[in-house]
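Residue-level structure breakdown
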Amino acid sequence: MQKYTIVIHGGAGTILKEDMTPELEAAYTEGLQQALDAGYAVLEEGGSAVNAVKAAVVVMEDNILFNAGRGSVFTKKGVNEMDAALMDGATLDAGAVAGVRNVRNPILLANEVLLHSNHVLLCGKGANDFAIKQGVKLEPDEYFFSQFRYDQWKAIRDTDDYQLDHTHEDMEELMKDKKFGTVGAVACDKDGNIAAATSTGGMTNKKYGRIGDSPIIGSGTYANNNTCAISCTGHGEKFMKAVTAYDISALMEYKRFSLEEASKEVVMNKLVKMEGEGGIIGVDAQGNVAMVFNSIGMYRGFKSSDGSNQIGIYG
Ligand code: ASP
């Protein structure tokens, strides 16, 4: 019988148990479990992998703990600009948005791009115009405000620094204590179709319309039934240069690597050499799961039809 499974991440980085309060750890665990349950419920009812990854990501976009949707970080100008992508491994159809504002669930806008735009990637004001045309839910700026992200941004807004999502205030501390708060999901459904979704607020204090790897098909997000579905989290510039998600797929397609072998080769070898910190989640059409990261920790979990349900935070 076809195994169906959902895998999620909520970002990778230097996530240490000693930095975590029991309350925060419980809140993250609960947030991850809610996302897993939402995605798994879709699969259990016979829904598609695409709908499952969307459902899981929406739950994390609505959770202020994660750097995506509601909890997105602030840009240099003190606003939230979000990126998201969705790819269907059965058809290779893809939809993505970059630098969008006030969109409650950027992953649902990426879905509209996939279904109704004849394009793959829309950005900025044009993407927002498309959101209005498609009736995608918008929210006022206040919806995206969180004191924690605001304080992060306030500490560096008068500098040229930009930061990956983290909890410490100065750059030196940051380099010791990087955290990436992007969210993602990959799934394999009852028909053996797979899909990938990623959503992020990007980097604190980013400017000039900076866009990371998340909405770039092949870099932060990729799905192909013949190989794998991958969602990445980490230092976007490095992940783009490594064409990370597609590289894992290519090793499976051309070198016949397993999902686990291909993921380890790219994350633990290639990216490490490039100093590309972060991780990936992956699934193949048999429902095999990969959760590989070269950072200290990664918020992650998976739930499968064989009864397994796991959540992890630390290495
Ligand atoms: N990869 C994301 C970016 O560079 C950041 C993250 O994963 O947290 O925009």
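Conventions used here
- Residues numbered from 1 in each chain as written.
- Predicted model: local features only at pLDDT ≥ 70, side-chain atom pairs only at ≥ 80, totals over all residues.
- Heavy atoms only, no water.
- Helix = DSSP H or I, 4+ residues; strand = E, 2+ residues; numbered from the N terminus.
- Rg over C-alpha atoms; globule rule 2.2 N^0.38 Å.
- Buried < 20%, exposed > 50% of the residue type's maximum accessible area, 1.4 Å probe, protein only.
- Contact = heavy atoms within 4.5 Å.
- Areas by Shrake-Rupley, 256 points an atom, 1.4 Å probe, with all protein chains shown as cover.
- Lys, Arg positive; Asp, Glu negative; His and termini not counted.
- Charge placed at Lys NZ, Arg CZ, Asp CG, Glu CD.
- Near = heavy atom within 4 Å.
- Polar contact = N/O pair within 3.5 Å; in protein donor to acceptor, adjacent residues only side chain to side chain.
- Nonpolar A, V, L, I, M, F, W, Y, C, P; charged D, E, K, R; others polar.
- pLDDT = per-residue confidence, 0-100.
- Pairing = 2+ DSSP bridges.
- Axes fitted to C-alpha atoms, helices over the stretch in contact; angles between N-to-C directions.
- Salt bridge = Lys/Arg side-chain N within 4 Å of Asp/Glu carboxyl O.

This next bit is on the overall build of the chain. When you go through the chain residue by residue, the secondary structure sums to 9 helices and 12 strands. Its C-alpha atoms give the chain a radius of gyration of 18 Å, near enough to 20 Å, the size a compact globule of 315 residues would have. With the C-alpha coordinates of the chain rotated into their principal frame, the extents come out at 55 × 45 × 35 Å. Relative to its 315 residues, the chain shows a buried fraction of 58%. Across the chain, the fraction of contacts at a sequence separation of at least 24, relative to all contacts at a separation of at least 6, is 68%. Of the accessible surface of the chain, which amounts to about 12,500 Å², a share of 52% is contributed by carbon and sulfur atoms. In the chain, which carries 30 positive and 42 negative side-chain charges, the distance between the mean positions of the two groups comes to 3 Å.

With that out of the way, let us pick up the site of the ligand. In the vicinity of the ligand lie 11 residues, with Thr182, Arg210, Asp213, Thr233 and Gly234 positioned nearest. Taking Thr182, its side chain carries an N or O atom lying 2.7 Å from an oxygen atom of the ligand. One of the side-chain nitrogen or oxygen atoms of Asp213 is found 2.6 Å away from a nitrogen atom of the ligand. Here the residues of the shell around the ligand sort into 1 nonpolar, 8 polar and 2 charged.

Moving on: the confidence of the model for the chain. Across the chain, pLDDT averages 92, with 94% of residues at or above 70. Considering each helix and strand of the chain separately, the mean pLDDT is smallest for helix α6 (residues 171-176), with a value of 41, and largest for strand β7 (residues 221-223), with 99. Within the model, the stretch residues 166-177 combines pLDDT values under 50 with 23 contacts to residues more than four positions away or in other chains.

Right, let's talk about the sheet that holds strand β2 (residues 82-88) for a bit. Spatial strand order, β4-β3-β2-β6-β5-β1-β11-β12: 8 strands in an open sheet with mixed pairing. A strand with exactly one partner marks an edge of an open sheet, and here the two such strands are β4 (121-123) and β12 (309-314). For this sheet the average axis-to-axis angle between neighbouring strands, irrespective of direction, equals 5°. As paired elements, β2 and strand β3 (residues 94-100) share 5 bridges and run antiparallel to each other. What sits directly across from Met87, in β3, is Ala94. With respect to the sheet, helix α1 (residues 22-44) is in contact with β1 (5-13), β5 (183-188), β11 (297-304) and β12, its orientation differing from that of β12 by roughly 145°. In this fold helix α2 (residues 49-61) packs onto β1, β2, β5 and β6 (194-200), with an angle of close to 155° to the strand it touches most, β5.

Glancing now at the pattern of salt bridges. Taken as a whole and judged by the stated rule, the model has 11 salt bridges. In this structure, Arg104 and Glu139 form a salt bridge, with 2.8 Å as the shortest nitrogen-oxygen distance. Here Arg104, found in the loop between β3 and α3 (106-116), pairs with Glu139, found in the loop between α4 (124-134) and α5 (147-154); they are 35 residues apart in sequence, far enough to count as distant. The pair Arg104 / Glu139 is uniform in exposure class, with both members buried. Across the pair Glu260 and Lys264 runs a salt bridge, and its minimum N-O distance is 3.1 Å. With Glu260 and Lys264 both in helix α9 (residues 259-273) and 4 residues apart, this pair spans about one turn of that helix. Judged by relative accessible area, which is 44%, Lys264 ranks as partly exposed. When salt bridges that share partners are traced, they join Asp62, Arg104, Lys137 and Glu139 into one network.

A few words now on the pairing of β2. β2 sits mainly inside the fold: 7 of its 7 residues count as buried. The hairpin turn running from β2 into β3, its antiparallel successor, is 5 residues long, and Leu92 in that turn takes a positive phi close to 65°. Pairing of β2 with β6 involves 6 bridges; the strand directions are antiparallel. What sits directly across from Met87, in β6, is Ala196.

Relative to the elements of secondary structure, Lys238 occurs in helix α7 (residues 236-241). Through-space distance from the C-alpha of Lys238 to that of Glu275 is 7.6 Å; in sequence the pair is 37 residues apart. Setting aside residues up to four positions removed in sequence, Lys238 forms contacts with Leu271, Met274, Glu275 and Gly276.

On to the packing of α2 against α3. One way to put it is that α2 packs onto α3 with a least axis distance of 8 Å and a crossing angle of 145°. On α3, the residues that touch Lys54, Val57, Val58 and Glu61 of α2 are Pro106, Ile107, Leu108 and Asn111. Grouping the constituent residues of the contact of α2 with α3 by class yields 5 nonpolar, 1 polar and 2 charged.

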